[in-house]
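Listed below are the residues making up each chain.
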Amino acid sequence: MKRIFSIITASSLFLIACEKDVSSQYNPSASADLSVEFDHIAGGQNVLLGTTSYTNAAGESFTIDMLKYFVSNIKLTKTDGSEYVVPQDSSYFLVDESVSGANKIKLKVPEGEYKNISFVLGVDSLRNTMDISQRTGVLDPAGTAAGMYWSWNSGYIFFKMEGTSPQAPVDGTGNRKYRYHIGGFGGYSTPMFNNIKTITIDLTASGIAKIKTGRTPNIHLMVDVLKVLNGTTNVSIAANPTVMVSPYSVNIANNYVSMFSHDHTEN
Amino acid sequence: MLRKHWIVLALMVTGVYACHKETMDIFAGFQKPANFPEPVYHFTTNPVTKDGFELGRKLFYDPLLSRNNTISCGSCHIQTSAFTHHGHDVSHGIDDRLGSRNSPAIMNLAWNPALMWDGGIFDLDLQPIAPVTNHVEMDETMENVLTKLKNSSVYPALFQRAFGSDEITTAKALKALSQFMLMCVSSNSKYDKVKRNENETFTADEQAGYQLVTQKCSPCHKEPLFTDNSFRNNGIAIGANDDKGRYMVTVTAGDEYKFKVPSLRNVELTAPYMHDGRFYTLDAVLDHYSSHIQQTPNLDPLLSAGIPLSAAEKTQIIAFLKTLTDREFTSNRLLSEQ
């Protein structure tokens, strides 16, 4: 009995200690590093640009030669429910599988424990219509955004995936390519389809993010690009080799919202 | 005899002085003509200054903006043709949508809420990115244009003068180009002078033509800009390339085959006509409206029965359309390559 008591006392002391230890560690008025990693896979395989073939639900095999998309308007929710919105001027990123380091975004976030992250896959309509002087960094049409901007139909391309498939018809250049350029912020003066998607990811099950000066926590997301083609609509490359500004793009955007899952957090 | 010489000499001196003054000193900035409505361009985020305008003019006429340094904006937008590509039905190159369109006038753009024949560009500041990066137009990247400007011996100083720092950015280059284009205001045609009571009167034919245009061509070609800036199908036959116009921007079935109503100002100088430059004369345009309207999807209801016009009426309309020609605009030294 005595022994049990002392165990209980010890463990509760330990619990208290733990609790105390943790909360006293965080200084909510200090900002610290957080990274979010977008690890691209296709089903069970790693994505390797250009070299590997994958198979979609329609039974077509394809390679991925280009994969990029905008991540913006990032929000984080603490375990106590309070929310942190990453400031607009540091909340736009272009994830690009072909550029080393460009599948990891780096943020400064107030110290604390976070259970939820949400972001826009694409560029919000406000930025899409903003004055050119507000389009700097990854949004500069003369810079990183060059291939991610429709100049003749003013607006950003949110998501771009290209590759080849033996099932794709021969195009004007003699290749069997597929090209998915998805955008559409809802139209400027006349309403158009809106492919702006907000992705919300719960971190509780696979590891909350503990943000603290001196540490470099990393939220590791798995991004299964097979889900771009397989989902509510199973996209056939043979039937839809090119999808850009067309109503069909809505199907692809509705598919790709489900490609993100939380694998773990390296705290 | 002697006295006459003196007068001539005095006149010549005054003339030279006046000329000198006009090109050297007078930069009034952007001014709204008395008979025009309020502009729609956002001058608050890009006020027109003399140095900004001059930098924009230099950029507009500089072939540096193209991949092989051969084509400038001014190559396709020629001042003497009211900044259109006179004689060219569509800009060079095929199998590309921009290459399938006729180059429109750079004129009164401060009143134009949506650019291009399909209105795909909603801000003048974003417009130059399209021709610069288009493969059949200038086939260059914006990034490379900026690099060329930075490495140039003249541009950093011009950016310094215009924007207070010699840092060359996308936004500054685009805003300077806008400043030049905004100054391309055509408001001194005979029509304008008649309307503003500036000692001009219409001939009988012109007056009759004016009445016909206000009855039959409005509301689409609406005074005083001679466009209501809407998108409509005016019943020309569907082109061989099946250009669907506004539909390409809105992806809405009701917008198929609609194009922006172009202004009729300077139309005497801007042949060929329509989005693909299919008509070479104004007679052909009027014949279209009177006898060749095609019942295509989304044909504008105002044109479902065509616009019946007698030969005399056509002559009168053309007489009026010529009063919209503004030679002060097409010969204004301020807007020319320096």
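Throughout what follows, the structure given in this document is the object of discussion. (Residues numbered from 1 in each chain as written. Chains lettered and ligands numbered in written order. Predicted model: local features only at pLDDT ≥ 70, side-chain atom pairs only at ≥ 80, totals over all residues. Heavy atoms only, no water.)

### Side note on the overall build of chain B
Right, so step 1: When its secondary structure is counted, chain B shows 13 helices and 2 strands.
Right, so step 2: Looking at the 338 residues of chain B, the share that counts as buried comes to 54%.
Right, so step 3: In chain B, 68% of the contacts between residues at least 6 apart in sequence involve partners at least 24 apart. (Helix = DSSP H or I, 4+ residues; strand = E, 2+ residues; numbered from the N terminus. Buried < 20%, exposed > 50% of the residue type's maximum accessible area, 1.4 Å probe, protein only. Contact = heavy atoms within 4.5 Å.)

### So, the packing of helix α2 (residues 50–60) of chain B against helix α6 (residues 155–163) of chain B
Residues and elements named next belong to chain B.
Right, so step 1: Two numbers describe how α2 lies on α6: the axes approach to 7 Å, and their chain directions differ by 145 degrees. Remark: the crossing between α2 and α6 carries left-handed chirality. Along its contact with α2, which presents Asp51, Gly52, Glu54, Leu55, Lys58 and Leu59, the element α6 presents Tyr155, Leu158, Phe159, Arg161, Ala162 and Phe163.
Right, so step 2: When its residues are assigned to classes, the contact of α2 with α6 shows 7 nonpolar, 1 polar and 4 charged. (Axes fitted to C-alpha atoms, helices over the stretch in contact; angles between N-to-C directions. Left-handed = near helix turned anticlockwise from the far one by under 90°. Nonpolar A, V, L, I, M, F, W, Y, C, P; charged D, E, K, R; others polar.)

### Quick word on the side chain of His220 of chain A
Residue and element names in this part refer to chain A.
Right, so step 1: Counting through the fold element by element, His220 comes out in strand β15 (residues 218–224).
Right, so step 2: Among the polar contacts listed, one links the side chain of His220 to the side chain of Asp39, at a separation of 2.8 Å.
Right, so step 3: Once residues within four sequence positions are removed from consideration, His220 is found in contact with Glu37, Asp39, Ser261, His262, Asp263, His264 and Glu266. (Polar contact = N/O pair within 3.5 Å; in protein donor to acceptor, adjacent residues only side chain to side chain.)

### A closer look at the interface of chain B and chain A
Right, so step 1: On the chain A side, the residues contacting the 25 residues of chain B number 24 residues.
Right, so step 2: Between chain B and chain A, roughly 1900 Å² of surface is buried when both sides are summed, and carbon and sulfur atoms account for 62% of that area.
Right, so step 3: Applying the counting rule to chain B against chain A returns 1 salt bridge.
Right, so step 4: A salt bridge links Asp131 of chain A to Lys175 of chain B; its shortest N-O distance comes to 2.5 Å.
Right, so step 5: Linking chain B with chain A are 5 residue pairs in polar contact (both at pLDDT 80 or more).
Right, so step 6: The set of elements that each furnish at least two residues to the side of chain B that touches chain A consists of α4 (129–133), α5 (142–151), α7 (170–182) and α10 (247–250) of chain B.
Right, so step 7: Split into classes, the residues belonging to the side of chain B that touches chain A amount to 12 nonpolar, 7 polar and 6 charged. (Buried area = accessible area lost by both parts, 1.4 Å probe. Salt bridge = Lys/Arg side-chain N within 4 Å of Asp/Glu carboxyl O.)

### Topic: the packing of helix α9 (residues 204–216) of chain B against helix α12 (residues 311–322) of chain B
Residues and elements named next belong to chain B.
Right, so step 1: Packing of α9 against α12 leaves a shortest axis separation of 7 Å and a crossing angle of 95 degrees. Between α9 and α12, the angle is such that the two are roughly perpendicular. Along the contact surface, α9 presents Asp205, Glu206, Ala208, Gly209, Tyr210, Leu212 and Val213, while α12 presents Glu313, Gln316, Ile317, Ala319 and Phe320.
Right, so step 2: Here the residues of the contact of α9 with α12 are counted per class, giving 7 nonpolar, 2 polar and 3 charged. (Parallel < 35°, antiparallel > 145°, perpendicular 65-115°, else oblique.)

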